[in-house]
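Breakdown of the fold
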Amino acid sequence: SSDFESQLREYRLQKTKYYQIIPPTVTDTTPSVSSSPYTAPRTDNAGHIDTERCCSFGIGEGPAKNSVYLCRLPLFGGTPLHIHYFWPVIILVMTMSGLVISTLHGLYAFIICCPVLFGSVLLHEIGHASMAVYYGGRVKLILLWPLGGVAYLSMFGAQNPFADALVALAGPATHIPQVLFWLLLMAISNGGKIHMAYALTWNTLWLQVCAGAISTQLAIFLFNLLPAFPLDGGRILAACLAMRNFEENSVFKICSALGGGIGCVILLQSISTILSGSQSMYFGWSSLLIAVFLLTHSRQLWIEASEGKALAYVN
């Protein structure tokens, strides 16, 4: 009887210790070890991707720190929307460039660079964010900056690289309905006719805005699908290679090499355009900026991947 009571007390003691150490309501947040190209991100008690692990996909925190808060979007629990300090400068420069020609050209440049481009980029980032939330991720911040937009959101990694691919694809996909929307407006405003080339006059301003908006959507769509990190095409490529069980740093070395090659091609094209002194001077300088952006990130990504730290750079 004494032995039985002693064993019972020991059992109760061990049971009490077990529930003190491992409460049944706590979810283990330790990243799982996986042979997948991505390390599995931490999750909270609800199974969501940890907000603090939201990624900038190689852009870093710099652009977000050099931005101003605009508002909280009525989406995703009130995600903050920020705009980079340099964005208004771009609008001002483009508007002034148009005003040098005429008031009409200045107004057209302002409409394209402010409401049209602003709305396009915002919808693009909302597309990324919506898909991330659909798969259980979170959105920390949406930033509009001179080279487009950045959604600081969850990276699913080893848990679901297919979701990473769809999140990256969701942004460019928003430009398809936007193109259809502007085509519809043009057709309604032009007696059912669709024509992309108009001489800019006060009578054709609206039709030219529609045409410019369509060109903007197509340009953003095609540019973002280039397989160069941190563009959406590069992220899609990285996720697809991950699904094929490529090693993590090899994935980003491939993305870096492709991005560097694409950056060199854009660089040569931009220099040629600038030196030609053609009317596409703005296109030349903007292409030069994009080329420098791609080459800089490709070089840094290659260095980090060579040192086995690619994922830290991406995050």
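For the structure, see preceding data.
Residues numbered from 1 in each chain as written. Predicted model: local features only at pLDDT ≥ 70, side-chain atom pairs only at ≥ 80, totals over all residues. Heavy atoms only, no water.

Description of the overall build of the protein chain
The line we're drawing: Starting at the N terminus, helices and strands are each numbered in turn, a helix being any DSSP run of H or I of at least four residues and a strand any DSSP run of E of at least two. Exposure classes here rest on a 1.4 Å probe applied to the protein chains alone. A residue is buried below 20% of its type maximum, exposed above 50%, and partly exposed in between. Values of accessible area rely on a 1.4 Å probe in the Shrake-Rupley scheme; residue burial ignores everything except the protein chains shown.
Looking only at helices and strands, one finds 11 helices and 4 strands in the protein chain. Per-residue burial for the protein chain yields a buried fraction of 43% across its 315 residues. When the accessible area of the protein chain is evaluated, it comes to approximately 16600 Å², of which 65% is carbon and sulfur surface.

As for helix H6 (residues 175-189)
Test applied: Expected span of a helix, by definition, is 1.5 Å for each gap between consecutive residues, and there is one gap fewer than residues. Residues count as neighbours in contact if any of their non-hydrogen atoms are within 4.5 Å of one another.
Over its 15 residues, H6 extends 21 Å from the first C-alpha to the last, a length consistent with the 21 Å expected when each residue adds 1.5 Å. Close packing links the buried residues of H6 with helix H4 (103-134), helix H5 (161-173) and helix H7 (205-224). Positive phi shows up at Gly191, right after H6, with a value of about 65°.

Quick look at the environment of Tyr152
Among the structural elements, Tyr152 can be located in strand S4 (residues 148-153). Sequence separation between Tyr152 and Glu125 is 27 residues, and the spatial gap between their C-alpha atoms is 9.5 Å.

Things to note about the nonpolar core
Quick note on the threshold: Remark: nonpolar core denotes a set of buried residues (Ala, Val, Leu, Ile, Met, Phe, Trp, Tyr, Cys) joined through side-chain atoms within 4.5 Å.
One finds Leu81, Trp87, Leu122, Ile142, Leu144 and Leu153 to be the most contacted residues of the largest nonpolar core, which totals 18 residues. Of all the elements, H4 adds the most residues to this core, at 5 residues. Filtering out sequence-adjacent residues up to four positions away, Leu81 remains in contact with Val68, Tyr69, Leu70, Cys71, Leu73, Phe118, Leu122, Ile142 and Leu144.

Re the sheet that holds S4
To be explicit about the condition: Only strands that DSSP links by at least two bridges are regarded as paired with each other. Structural elements are reduced to axes, namely lines fitted to C-alpha atoms, with helices fitted over the stretch in contact, and the angle between N-to-C directions of any two is expressed from 0 to 180 degrees.
Taken in spatial order, the 4 strands of this open sheet run S1-S2-S3-S4, and their pairing is mixed. Of all strands in the sheet, those with a lone pairing partner are strand S1 (67-72) and S4, marking the two edges. Looking at each pair of strands side by side, their axes are set apart by 25° on average, direction ignored. With 3 bridges connecting them, strand S2 (residues 80-84) and strand S3 (residues 139-145) associate as parallel partners. Along S3, the bridge assignment pairs Leu81 with Ile142.

Some thoughts on the packing of H4 against H7
Selection criterion: Relative orientations are named as follows: roughly parallel for angles under 35 degrees, roughly antiparallel for angles over 145 degrees, roughly perpendicular for angles from 65 to 115 degrees, and oblique for any other angle. Note on convention: the crossing is left-handed when the near helix lies turned anticlockwise from the far helix by less than a right angle, right-handed when the turn is clockwise. Under the convention adopted here, Pro, Cys and the residues Ala, Val, Leu, Ile, Met, Phe, Trp and Tyr are nonpolar, Asp, Glu, Lys and Arg are charged, and Gly plus all remaining residues are polar.
Relative orientation of the contacting elements H4 and H7 amounts to 40°, with a least axis distance of 10 Å. Put simply, H4 runs oblique to H7. Judged by the twist between their axes, the crossing of H4 over H7 is right-handed. Side by side, H4 and H7 meet where Leu104, Leu107, Tyr108, Ile111, Ile112, Val116, Leu117, Ser120 and His124 of the first sit next to Leu205, Gln208, Val209, Gly212, Ala213, Thr216, Gln217, Ile220 and Asn224 of the second. Across the contact of H4 with H7, the residue classes break down as 11 nonpolar, 7 polar and no charged.

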